[in-house]
Amino acid sequence: MGAEHLEALGLKGRDFLGLADYTPDELRKLIDLGIELKRKNKANEVFHPLAGKTLGMIFEKSSTRTRVSFEVGMYQLGGHALFLSRNDLQIGRGEIISDTAGVLSRYLDGIMIRTFGHDILLELAEHASIPVINALTDHSHPCQALADYMTVLEHKGKLEGLKIAYIGDGNNMAHSLMIGGAKLGLHVAVASPEGYTPAEGVQADTRAIAAQTGGSLLVTGDAREAIEGADIVYTDVWASMGFEEEQKIREKAFAAYQVNEELARYAKPDYVFLHCLPAHRGEEVTAGVIDSKHSIIFDEAENRLHAQKAILAALL
Ligand code: CP
Ligand code: NVA
């Protein structure tokens, strides 16, 4: 595989703002490229399609996986990554997003941003002339979902027709898993307490996509109904970044939504457990589940690296 192969994907110059913007075929090609880049890495094959290229990484929230995997990913592809925290940038002192986008486009070959409002991401993308990658907003986390489905494919050998149960907050992670799951032909079941269900718009989009791909969406208040017969069990923190002050209220609201051994009994006997991490054992998941033989969280975390290298190699 060389530069021609990457060009042939036809994704050069595109943004990666959400999985809804990509066709099922494009998503599958990115996953397959991630698997190939992982193989190259394990075989110590040098592959430097991004030599001389620089990715700017804007972080307005904390990160372990995203920061390290993007930076290492650029290095493995022969490029360079620049960590830019809010306080290092003039954005922190009020420089407007459109000027920041215009200026950064003159230095960089791509921008990765983790921020709060999804509108900030969209504004940056509108004014940047280089690819912009969503590395988590309050609305979605598409890089994580792409890596998650790559991990499921590696473990299950297929994606279409599998059932994924997402138990917990109808947050950014739920949204990207729903859209991505529908695109890839999975049956997605989400169980959330009242007041914490996924956004109506994302539910409608997921249903419309699923109608095209043979997937489906169930949104319920009943965790047992959602997990029944699931091939994949997924959960995320009850209080995401930016919602920490709601921790106590949320602990009450989500008490019946803990993924524990009792609930997991209703999944398929060979279910896999995923969590984007960071996790809180004893809250959204018990140690008995997240540290069990069903858990593939470290393969999942590793695949952030390879899935994002696929995005970078294809877009930059
Ligand atoms: N899963 C994830 O995005 O982790 P970080 O917040 O550590 O980047
Ligand atoms: N929903 C979590 C995901 C962290 C990777 C958050 O936004 O904090």
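First things first, this report covers the structure right here in the doc. (Residues numbered from 1 in each chain as written. Chains lettered and ligands numbered in written order. Predicted model: local features only at pLDDT ≥ 70, side-chain atom pairs only at ≥ 80, totals over all residues. Heavy atoms only, no water.)

What about the overall build of the protein chain?
Then, in step 1: If you tally the helices and strands in the protein chain, you get 13 helices and nine strands.
Then, in step 2: Judged by the C-alpha coordinates and their principal axes, the protein chain covers about 55 × 45 × 35 Å.
Then, in step 3: Here the protein chain holds 316 residues, and 57% of them are scored as buried.
Then, in step 4: Across the protein chain, the fraction of contacts at a sequence separation of at least 24, relative to all contacts at a separation of at least 6, is 75%.
Then, in step 5: In the protein chain, which carries 31 positive and 44 negative side-chain charges, the distance between the mean positions of the two groups comes to 4 Å. (Helix = DSSP H or I, 4+ residues; strand = E, 2+ residues; numbered from the N terminus. Buried < 20%, exposed > 50% of the residue type's maximum accessible area, 1.4 Å probe, protein only. Contact = heavy atoms within 4.5 Å. Lys, Arg positive; Asp, Glu negative; His and termini not counted. Charge placed at Lys NZ, Arg CZ, Asp CG, Glu CD.)

Digging into the site of ligand 2
Then, in step 1: Surveying the vicinity of ligand 2 reveals the residues L136, H141, N171, N172, D236, S240, M241 and L277.
Then, in step 2: Contacts to ligand 2 include S240, whose side-chain N or O atom sits 2.7 Å from a nitrogen atom.
Then, in step 3: When ligand 2 is considered free in solution it has 270 Å² of accessible area, and contact with the protein chains removes 95% of it.
Then, in step 4: Among the cavities detected, the one that contains ligand 2 is the largest pocket.
Then, in step 5: Broken down by class, the residue content of the shell around ligand 2 amounts to three nonpolar, four polar and one charged. (Near = heavy atom within 4 Å. Polar contact = N/O pair within 3.5 Å; in protein donor to acceptor, adjacent residues only side chain to side chain. Areas by Shrake-Rupley, 256 points an atom, 1.4 Å probe, with all protein chains shown as cover. 1 Å grid on protein atoms, 1.4 Å probe; cavity = no way out; pocket = protein on both sides within 12 Å on 5 of 7 lines; lining within 4 Å. Sits in = over half its atoms within 2 Å of the grid points. Nonpolar A, V, L, I, M, F, W, Y, C, P; charged D, E, K, R; others polar.)

Overview of the packing of aromatic side chains
Then, in step 1: Applying the stated rule across the entire model yields five aromatic pairs.
Then, in step 2: Among the aromatic residues, ring-to-ring pairing joins Y196, W238 and F254 into one connected group.
Then, in step 3: Over the face of the ring belonging to Y22 we find R14, whose NZ or CZ atom lies 4.3 Å from the ring centre.
Then, in step 4: Its end group placed over the ring of F116, K61 keeps NZ or CZ at 4.6 Å from the ring centre. (Phe/Tyr/Trp six-rings, centres within 6.5 Å; stacked < 30°, edge-to-face > 60°. Lys NZ or Arg CZ within 6 Å of the ring centre and 35° of its normal.)

Focus on the layout of surface pockets
To find leftover empty space, one rolls a probe the size of a water molecule over the atoms.
Then, in step 1: The calculated volume of the largest pocket comes to roughly 360 Å³.
Then, in step 2: Looking at the largest pocket, it is lined by 22 residues, and the ones nearest its centre are R114, L136, M241, L277 and P278.
Then, in step 3: Of all elements in the fold, only helix 3 (65-76) and helix 7 (172-183) reach the threshold of two or more residues within the lining of the largest pocket.
Then, in step 4: When the residues that make up the lining of the largest pocket are grouped by side-chain class, the tally is eight nonpolar, nine polar and five charged. (Points joined across faces, edges and corners; volume = space filled by probe spheres on them.)

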